[in-house]
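Notes for the structure review
Chain by chain, the residues:
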Amino acid sequence: MKINILISKNSWANSYKPEIKKILKQFSKKISFNNNHKKTKKNTDVNIIFSYFKKIENKYLKFSKFNIIPHESKLPLGKGMSPLSWQLLENKNTIFFSLIEASNSLDAGVIYLQKKVNIPKNILFQEIKKIQLLKNLKLIIKFLKKIKTNKTIDGIKQKGKSTFYTMRSAKDSYINIDKSIKSQFNLLRICDPINYPAYFKYKNRTYIIKIFSK
């Protein structure tokens, strides 16, 4: 089985590449990573679009038999970017993790697998991402096991009204110093400390905030 994994250059998932490869090597000795979908090799069995921020044209999707995307929402609700972060900001802690097929429309493909996951309210960015990684890998493993045993894989078409989340950027990590830490704790804990750290402005200077637990 030939497996390709797409991860964008500035994604949190890059630091987990060795772990991802170690877990998935039971299915293939031919696992490749890249950050550009145009580099995907033809005749790939499974293209895992793990944490990738670019639209993939249909001609490149045809390079692979399956193009699967882990997405943390109860689709068709919560399509778009950073669904887990946005939902935690909405004070949700029970999140649906979905595994879907890529399509020409954003996050509109059939749903292969879906599972409810509880995210503790007191954990920070790296812990959140570890849960995100492992829960998504469980869905991917379940999917790959079906392929390996030649089982039929039927996806379920999405039904209902769609909602969309926008991509998070540096401005979304702004902390209001006139508000309490408690009221902004969810924002503090979901901020990427490397790419998009929490920050505030005071007396014509910008200050970075990074939080740790003990």
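Residues numbered from 1 in each chain as written. Predicted model: local features only at pLDDT ≥ 70, side-chain atom pairs only at ≥ 80, totals over all residues. Heavy atoms only, no water.

1. Let's talk about the sheet that holds strand S4 (residues 64-71)
Note the cut-off: Criterion used throughout: strands pair if DSSP finds at least two bridges between them. Helix numbers and strand numbers start at the N terminus; a helix is a DSSP run of H or I with at least 4 residues, a strand a run of E with at least 2. The axes are straight lines fitted to the C-alpha atoms, using for helices just the contacting stretch, and the angles between their N-to-C directions are given from 0 to 180°. Residue contacts are counted whenever heavy atoms from the two residues lie within 4.5 Å of one another.
Spatially, the 6 strands line up as an open sheet ordered S2-S1-S3-S4-S6-S7, and their pairing is mixed. The open sheet has two edge strands with one neighbour each: strand S2 (30-34) and strand S7 (111-118). Each strand axis lies, on average, 20 degrees off the axis of its neighbour in the sheet, ignoring direction. Note: strand S3 (residues 44-51) against S4, 4 bridges, orientation parallel. Its bridge partner being in S4, Val46 is matched across the sheet by Phe66. In the packing of helix H1 (residues 17-24) onto the sheet, contacts are made with strand S1 (2-7), S2 and S3, and the angle to S2 comes to roughly 155 degrees.

2. Notes on the environment of Gln132
By the secondary structure assignment, Gln132 is in helix H4 (residues 125-148). Note: C-alpha distance between Gln132 and Phe97 (35 residues apart in sequence) is 8.7 Å.

3. Brief notes about the layout of surface pockets
Test applied: Only protein atoms enter the 1 Å grid used here, on which a cavity is any set of points holding a 1.4 Å probe that cannot leave and a pocket is any open set flanked by protein within 12 Å on both sides along at least five of seven lines; residues with an atom within 4 Å of a point are listed as lining. Grid points are joined across faces, edges and corners, and a volume is the space filled by probe spheres set on the points.
Taken as a whole, the largest pocket holds about 930 Å³ of empty space. Around the largest pocket, the lining is made up of 42 residues, and of these Tyr52, Phe53, Gly80, Met81 and Ser82 lie nearest the centre. Breaking the lining of the largest pocket down by element, the ones donating at least two residues are S3, S4, helix H3 (83-89) and H4. It is H4 that provides the largest number of residues to the lining of the largest pocket, a total of 4 residues.

4. Brief notes about a positive patch on the surface
What counts, and what does not: Without a salt bridge and with relative accessible area above 30%, a residue can belong to a patch; like charges are then joined within 9 Å and nonpolar side chains (Val, Leu, Ile, Met, Phe, Trp, Tyr) within 5 Å. All accessible-area figures derive from a Shrake-Rupley calculation using a 1.4 Å probe, and residue coverage is judged against the displayed protein chains alone. In the sections that follow, a salt bridge refers to a side-chain nitrogen of Lys or Arg positioned within 4 Å of a carboxyl oxygen of Asp or Glu. His is not counted, nor are the chain ends; Lys and Arg add positive charge and Asp and Glu add negative charge. Each charge is placed at NZ for Lys, CZ for Arg, CG for Asp and CD for Glu. Relative accessibility under 20% of the residue-type maximum defines a buried residue, over 50% an exposed one, and the middle range a partly exposed one, all with a 1.4 Å probe and only protein chains included.
Positive charge collects at one region of the surface, where Lys9, Lys38, Lys39, Lys54 and Lys59 lie side by side. Turning to its location among the elements, Lys39 is positioned in the loop between S2 and S3. On the accessibility criterion, Lys39 (55% relative accessible area) is exposed.

5. Focus: the pattern of salt bridges
The tally for this structure, following the rule as stated, stands at 4 salt bridges. Between Lys130 and Glu19 there is a salt bridge, with the nearest N and O atoms lying 2.8 Å from each other. Placement of Lys130 in helix H4 and of Glu19 in helix H1 is noted, with a sequence separation of 111 residues between them. Between Lys65 and Asp45 there is a salt bridge, with its nearest N and O atoms 3.3 Å apart. Within this pair, whereas Lys65 is found in strand S4, its partner Asp45 is found in strand S3, the two being separated by 20 residues in sequence.

6. Re a nonpolar patch on the surface
A grouping of Ile177, Tyr202 and Tyr207 is seen on the molecular surface, where their side chains present a nonpolar patch of about 270 Å² in accessible area. With respect to the helices and strands, the residue Tyr202 is situated in strand S9 (residues 198-202). Using a relative accessible area of 41% as the deciding quantity, one classes Tyr202 as partly exposed.

7. Some words on the pairing of strand S10 (residues 205-209)
For a regular strand, side-chain orientation follows a simple rule: the groups alternate between the two sheet faces. Summarising the sheet, S9 and S10 pair through 5 bridges and their orientation is antiparallel. Note on S10: the bridge partner recorded for Lys201 is Thr206. Taken together, S9 and the strand that follows it, S10, pair antiparallel across an intervening segment of 2 residues, in which Lys203 is found at a positive phi of about 50 degrees.

8. Considerations on the packing of aromatic side chains
What counts is decided by this rule: Pairing of aromatic side chains requires ring centres within 6.5 Å, counting the rings of Phe and Tyr and the six-membered ring of Trp. Pairs whose planes differ by under 30 degrees are stacked, by over 60 edge-to-face, and all others tilted. Counting as a charge over the ring demands two things of the Lys NZ or Arg CZ atom: a distance within 6 Å of the ring centre and an angle within 35 degrees of the ring normal.
For the structure on display, the rule yields 9 aromatic pairs. A ring pair is formed by Trp86 and Tyr165, whose centres lie 6.2 Å apart and whose planes are at 5 degrees; its orientation type is stacked. Taken as a pair, Trp86 in helix H3 and Tyr165 in strand S8 (residues 164-165) lie far apart in primary sequence, 79 residues in all. Each member of the aromatic cluster is reached from another via a ring pair, and the members are Trp12, Tyr16 and Phe50. Positioned above the aromatic ring of Trp86 is the side chain of Arg168, whose terminal nitrogen or guanidinium carbon lies 4.6 Å from the ring centre.

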